[in-house]
Amino acid sequence: MRKILIAATTAALTFAAGSLSAGAAEKLKIGLVYLGPVGDFGWTYQHEVGRREMVKVLGDKIETTYLENVNEGPDSERAIEQLARTGHKLIFTTSFGYMDPTLKVAKKFPKTFFEHSTGFKRAENVGTYSGRFYEGRYIQGQIAAKMSKKGVIGYIGSFPIPEVISGINATMIGAQSINPDIKVKIIWVNTWFDPGKEADAAKALVDQGVDIIMQHTDSPAAMQIAESRGIYAFGQDSDMIKFGPKAQLTAIVNNWAPYYVQQAKLAMDGKWKSGDTWQGLKDKMVMMAPYTNMPDDVKKLATETEAAITSGKLHVFKCPVVGQDGKPIECKGGQNLDDGQILSMNYYVKGVDDKVPGK
Amino acid sequence: MGLLEAIILAVLAASTPLLLAAAGELVTERAGVLNLGVEGMMIMGAACGFAGAYFTGSTIVGAVCGILAGVGMSAVFAWLTLGLAVNQVAAGLALTILGVGMSGLIGAGFVGERITAVPQLWLPVLTDLPFVGRILFGQNALVYGSIALVIGIWYFLYRTRAGLVLRAVGDNHASAHALGYPVLTIRTFAVLFGGACAGLGGAYLPLAYTPFFISGMTAGRGWIALALVVFASWMPGRLVAGAYLFGAVTILQLHAQGAGFGIPSQLMTALPYLATILVLIVISRTRGTIGSAAPASLGLVFVPDR
Amino acid sequence: MLVLEKRAERSALIAVASPLIAIVLTLVTIAILFALLGKDPLFALKVYFLDPLNDPYSLQEITVKATPLVLIGVGLSFCYLANAWNIGAEGQFLIGAVCGSWLAVVTHGTEAGPWVMPAMLLFGAAGGALYALIPALCRVKFGASEILVSLMLVYVAELILDYLVRGPWRDPKGMNFPTTAEFDSVATVPILIEGSRVHLGALIALIVVAGAWLLLSRTIKGFEIRLVGVASKAARFSGFSSDRLILFTFAVSGALAGMAGIIEVAGPVGHLQPGISPGYGFTAIIVAFLGRLHPVGILIAGLFLALTFIGGEMAQITLKVPLDLTKVFQGILLFYVLACDSLIAYRLRLIRTQRKVAHEVANGPA
């Protein structure tokens, strides 16, 4: 037995040595750290789509590696460091909870570039990027106000973090521009990802009389409920038309691919720089799925709003933004709320008849 | 459709996978085997169930595939714990790791795919009855199946000789063996039955509940099923009550949020768990017996002398 | 057919060989699977098991990963030896983290002295112990199953943690994201090896292992625990109270899980946030049984499981296999280890079954 083991070990070692020297071509190694499984069809899946696009565009000039289902706690720092140690020179860390671990590892590997998604701490070799998803929410709010007969939007929230809160507010501001009396019912499911629970939440909303469903959770479960109940819904993260051919009005699509390709090219050319990238409809980091299942005038309105946001004519959080207490929010950005205010939003705007959890 | 009717319908849909998986585990545990791998068997049932339905277009084939997946998983477990006398707790947990991994590999090809859900019963006149119509006569086959399953299990355990033997094996395997009953064979069948039910319970998710597969979609339901067996103190009737209680509180807290009561959502989400504990304390207290309901040989290794 | 037969005495040879057999079986399985996938099986084995042991960084990380597993596992072994079924160590881990963090949060930015960190560990242990006493008391006072109550309390603990970091304890400078402020240096667990993440917790885990071994093998309490587990009736006759023992073992395992929680938060993580545990409380159940409920065995099992996690990550990076495949390997490997383990107490014997015998077996008398 011992002999077999030793023989096996030696053989393994010899092989490994061979394969390592063979694989040492001048490729840019790119690593990605994912929060969920690549097959979640939500947040992580869209990052995976971005990775595949990098491979497609840059081919054998790069080599990519991903680590999936990486817990945001003690495991993430190791996962990021393992990638850095194994020669990955550009590392995307794709969840907010990876912020501090990313910075810690970045300190140890000053020559490696890090891209952290949805965070706000940066360093020489750590840049941040995220999408202005609230821009899409505004358009959805307008469509919802037009399409809802009852004037009530059902909203399935995951966790009350600023991104989700600003999404609710953007929806309401958009909807109020059409129907000042629009109402919203919010259910927090306290998970990003539990199809059964998301479906239950959607049912509860429909049974309580909403006729449009919005979700800020990852799976297409709510879309399917909308389809089977004959009401409308909006997709999240990716185009979910397949799950609601008669229900989906449009969807917010997280489109990371162009950014990933661009940053990979910069890194290859030695031109990568740390920055704060927060792109929306204009740069196509946030995209709208085709406007479907709505009359032409609504479609026209949506298209025009999208064009107005893209051209910069319309800002979603244009001052005055009125809080729940009826008082305008301090306007730090001159004409609009500034980015810091939007990124840290923890209050509802006027018209939301609910309380932000934890406040 | 009235709100109460709608809530009951949602509760039935949410509770059925729990009931199916828990019913199988109940039989397994009644035979004296503790299989903690329910989550792993369920997620495999979900993956294989979806695969079967996706390729054939038949939800019946899907359900059968789910059952077979559960049986296959539990066969591994049975071979280890009964054939090789491996510790049941550790083997069950390892089974869950294996199931989660395998289902992910199987499901990798189905991202973004969907199937048609299991049809719901529709009977002329009856289904259209006010209030009770949809609840009693408008469900899918798996909902009726889960009820029938529990009734069948009750009948089997308490009204048949085979059931009596199974309970005897679970309560005292040494005596049962001395009386000449094939303890390991009976336990093997009980484990396989548990696997079949867990597989079907898992398959219910992509076949009826949310007709698509996503890795990890069981989201801990296997653990809840295990807890429900304990909650039911190994009695089929109480299992139904437990599963529906859990489902009901889950659904009601969502409705309470939609109605905007302003209670922290974390507290609302915790309600089903707290309610289960509370009810268990109340019923345990009125019963006044401590832990006596559990099959006495539960989780113990048995190797017959030869 | 193959049947199991109890060995008259445990075989020392098999005890040593059993892990080796398991490794060889895993080797064969991985070889077959990787050959099917078109990758080199030997290289795969090297990546999984040898690379992590060859590299100081990986060894350090194995220690970091094993620390909470061993701490929790040792505590759980107390419960399981006494036939008390604590399934909720995950919840006790989280509540320990919460209770310890409370001190870090209230002393944040003050001139608090170096007493903070030890006090946090005590708070964490106390919190975990109290949280574990809930299911124990429900069992003792009301006869409610501790399995169910402890499991349900895991979910409740997650939500308590969630509520606190999204609400009252949220870092005011954290852009309203769910996390407390980074703990002050007096509120963090010191690093043992400069430049690594190996922290004081590793040492604490070793002390706990030694202490548990002493307690179980050298004290009356240890004897009581083992006796109740093996023969509860006999224990009752000897005047030991099983109720008190349930409370005791739950408190011990809760305290250790709670301490593991606060060490993790005040060590590798550095602040309180949701998702601080990648399922440590559940993985530790496997660790406890894999270590045969013996403190030293648990230490080895904890390190071994940590190795499979680190190796799995290396496989994802080097071999580009999905995480799910490494989970499958982990499951299979555990099966092999458990199965080979049972060969220590039993032997497999091939018996030739004649038709008649087989018939008899199927129908009754065996």
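Presented here is an overview of the structure given in this document. Bear in mind that the values here come from a model prediction, so they are computed numbers and not experimental data.

A few words on the overall build of chain B. The helix and strand tally for chain B stands at twelve helices and zero strands. Helices (α) and strands (β) of chain B occur, in sequence order from the N terminus, as α-α-α-α-α-α-α-α-α-α-α-α. Judged by the C-alpha coordinates and their principal axes, chain B covers about 65 × 50 × 40 Å. Counting only residues that meet the buried cut, chain B has 59% of its 306 residues in that class.

Now for the pairing of strand β7 (residues 183–188) of chain A. On a regular strand, one side chain projects to one face of the sheet and the next to the other, so that they alternate. Counting buried positions over the six residues of β7 of chain A gives five, a clear majority of the element. A crossover links strand β6 (residues 152–157) of chain A with its parallel partner β7 of chain A, the connecting element being helix α6 (residues 162–176) of chain A, and its sense is right-handed.

This part is about the interface of chain C and chain B. On the side of chain B, 43 residues touch chain C, which itself brings 41 residues to the contact. Mapped onto the side of chain C that touches chain B, the elements with two or more residues apiece are β1 (2–6), α5 (116–142), α6 (146–166), α11 (280–290) and α13 (323–345) of chain C. It is α13 of chain C that contributes the most residues to the side of chain C that touches chain B, twelve residues altogether. Looking at the side of chain C that touches chain B, its residues break down into 30 nonpolar, six polar and five charged.

Okay, unusual backbone geometry next. Residue and element names in this part refer to chain A. In the segment running from C319 into P320, the intervening peptide bond is cis, with an omega of 0°. Secondary-structure assignment places P320 in the loop between α10 (296–311) and α11 (339–343). For N69, which is not glycine, the phi dihedral falls at a positive 55°. Looking at the secondary structure, you find N69 in the loop between β2 (62–67) and α3 (74–85). A tally of 23 C-beta atoms within 10 Å means that N69 is categorised as buried. The phi angle at T118 is positive, at roughly 70°, despite the residue not being glycine. The exposure class of T118 is buried, given the 22 C-beta atoms found within 10 Å.

Counting residues in hydrophobic clusters, the biggest one holds 345 residues, and the most contacted among them are A202 and I213 of chain A, A22, A94, L228 and L239 of chain B together with I72 of chain C. With residues near it in sequence (within four places) discarded, A202 of chain A still touches I156, I213, A221, A222, I225 and A226 of chain A.

All names here are of chain A. Spatial ordering of the open sheet is given by β7-β6-β8-β9-β10-β12, a layout of six strands whose pairing is mixed. In this open sheet, the two edge strands, each paired with only one partner strand, are β7 and β12 (286–288). Strand-to-strand twist across the sheet, computed as the mean angle between neighbouring axes with direction ignored, equals 20°. Where strand β9 (residues 232–235) lies against strand β10 (residues 248–254), two bridges are found, and the strand directions are parallel. In the sheet register, G235 faces β10, and the bridge partner there is A251.

On to the packing of helix α4 (residues 88–107) of chain B against α11 of chain C, then. Contact geometry of α4 of chain B with α11 of chain C gives a least axis separation of 9 Å together with a crossing angle of 140°. The angle between α4 of chain B and α11 of chain C places the two elements in the oblique class. Both α4 of chain B and α11 of chain C take part in a crossing whose hand is left-handed. Contacts from V89, A90, L93 and A94 of chain B of α4 of chain B reach α11 of chain C at I285, I286, F289 and L290 of chain C. Of the residues that constitute the contact of α4 of chain B with α11 of chain C, the class distribution is eight nonpolar, no polar and no charged.

What holds strands together in a sheet is hydrogen bonding between their backbones, with the strands either parallel or antiparallel. Residues and elements named next belong to chain A. With parallel pairing, the six strands of this open sheet are ordered in space as β2-β1-β3-β4-β5-β11. Looking at strand neighbours, the two that pair on one side only are β2 and β11 (276–279), the edges of this open sheet. Neighbour-to-neighbour, the strand axes of this sheet turn through a mean angle of 15°, independent of strand direction. Here helix α9 (residues 257–268) sits on the sheet and contacts β1 (28–33), β2, β3 (90–93), β4 (113–117), β5 (126–131) and β11; the angle it forms with β1, its principal contact strand, is near 140°.

The rules we used
Residues numbered from 1 in each chain as written. Chains lettered and ligands numbered in written order. Predicted model: local features only at pLDDT ≥ 70, side-chain atom pairs only at ≥ 80, totals over all residues. Helix = DSSP H or I, 4+ residues; strand = E, 2+ residues; numbered from the N terminus. Buried ≥ 20, exposed ≤ 12 C-beta atoms within 10 Å, placed from the backbone. Right-handed = clockwise from strand over helix to strand, strands pointing away. Contact = placed C-beta atoms within 7 Å. Nonpolar A, V, L, I, M, F, W, Y, C, P; charged D, E, K, R; others polar. Core = buried A, V, L, I, M, F, W, Y, C linked by C-beta atoms within 7 Å. Pairing = 2+ DSSP bridges. Axes fitted to C-alpha atoms, helices over the stretch in contact; angles between N-to-C directions. Parallel < 35°, antiparallel > 145°, perpendicular 65-115°, else oblique. Left-handed = near helix turned anticlockwise from the far one by under 90°.

Everything listed here is a matter of coordinates, which is why it stays silent on function.
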